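The residues making up each chain are set out below.
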Amino acid sequence: MNRLARFAGFGKEDEESADTGTLTQDVTVERMDPEALREPIVEALRGVHDPEIPINIYDLGLIYRIDISEQGNVAIDMTLTAPACPVAGMMPVMVKDAVSRVEGVGLVQVELVWDPPWTQEKMSDEARLQLGLM
C-alpha cells in the first residue's frame, strides 16, 4: 500500500477483524427504485427527435419497451417509422446517449426491432395533433 493510501486510512483494520481479514468500515450503497427512473428516462427520450419528423421518438411511438434492472441498467426496444429510414444507424446511438445521461442509469442497451411494424396508431394523441392527423 502506498503512503497516500495509508494516510487516507485505506486498508485499516481493527484488532478483531485483523484475524479474519475483513475491513471494519461498512459501505452503504444507495439503490434507486427502478420505477423511479422510468419518468426521467421517458423525459430523456422525449428529447430525441426523428430528423425527418418534428416529433420526439417517444410520442411517435417508436419506443416499444423500457426494462430497468435493480442495478439501474436499461434495455430498450425501439423501432423506426420505416426499415429504409436514413437514420437507422444513428437513432439507436442517439437513444443510448440520451438515456445514459439520466442520473442513476447504469448500462444502456438499445435494440432495433421491426416486429410489430410501426404504424401511425402507435403515436400519442399529442403527436397526431401536431401532425394534423386529428
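Look up: the structure comes first, before these words.
Just so we're clear, the structure is a prediction, and the values are computed from it rather than from any experiment. (Residues numbered from 1 in each chain as written. Predicted model: local features only at pLDDT ≥ 70, side-chain atom pairs only at ≥ 80, totals over all residues. Heavy atoms only, no water.)

Colleague: What exactly am I supposed to notice about the pairing of strand β3 (residues 108-112) here?
Modeller: A regular strand carries its side chains on alternate faces of the sheet. Where strand β2 (residues 74-78) lies against β3, five bridges are found, and the strand directions are parallel. Across the sheet, M78 pairs through a bridge with L112, a residue of β3. As a crossover connection, the stretch from β2 through helix α4 (residues 91-100) into β3 is right-handed. (Pairing = 2+ DSSP bridges. Helix = DSSP H or I, 4+ residues; strand = E, 2+ residues; numbered from the N terminus. Right-handed = clockwise from strand over helix to strand, strands pointing away.)

Colleague: Is there a simple way to think about the sheet that holds β2 in this case?
Modeller: Two orientations exist for strands paired in a sheet by backbone hydrogen bonds: parallel and antiparallel. A sheet is described by the order of its strands in space; here three strands give the open sequence β1-β2-β3, paired in mixed fashion. Only two strands of the sheet have a single partner each, and these edge strands are β1 (63-68) and β3. Across the sheet, the mean angle from the axis of one strand to that of its neighbour is 15 degrees, orientation sign disregarded. Both β1 and β2 contribute to a ladder of five bridges, which runs antiparallel. Within the sheet, the bridge partner assigned to R65 lies in β2 and is D77. Against the sheet, α4 touches β2 and β3, its axis set at about 155 degrees to β3. (Axes fitted to C-alpha atoms, helices over the stretch in contact; angles between N-to-C directions. Contact = heavy atoms within 4.5 Å.)

Colleague: What's the story with the pattern of salt bridges in this structure? I'm lost.
Modeller: Side-chain pairs of opposite charge can arise where the charged atoms are in close proximity. Across all of its chains, the model carries six salt bridges by this definition. R46 is paired through a salt bridge with D59; the nearest N and O atoms lie 3.4 Å apart. Note that R46 is positioned in the loop between α3 (34-45) and β1 and D59 in the loop between α3 and β1, a separation of 13 residues in sequence. In this structure, R65 engages D77 in a salt bridge whose closest nitrogen and oxygen atoms are separated by 2.9 Å. Note that R65 is positioned in strand β1 and D77 in strand β2, a separation of 12 residues in sequence. A relative accessible area of 29% means that R65 is categorised as partly exposed. Salt bridges sharing partners connect three or more residues here, namely E43, R46 and D59. (Salt bridge = Lys/Arg side-chain N within 4 Å of Asp/Glu carboxyl O. Buried < 20%, exposed > 50% of the residue type's maximum accessible area, 1.4 Å probe, protein only.)

Interpretation note: all reported values are geometric properties and have no functional meaning in isolation.
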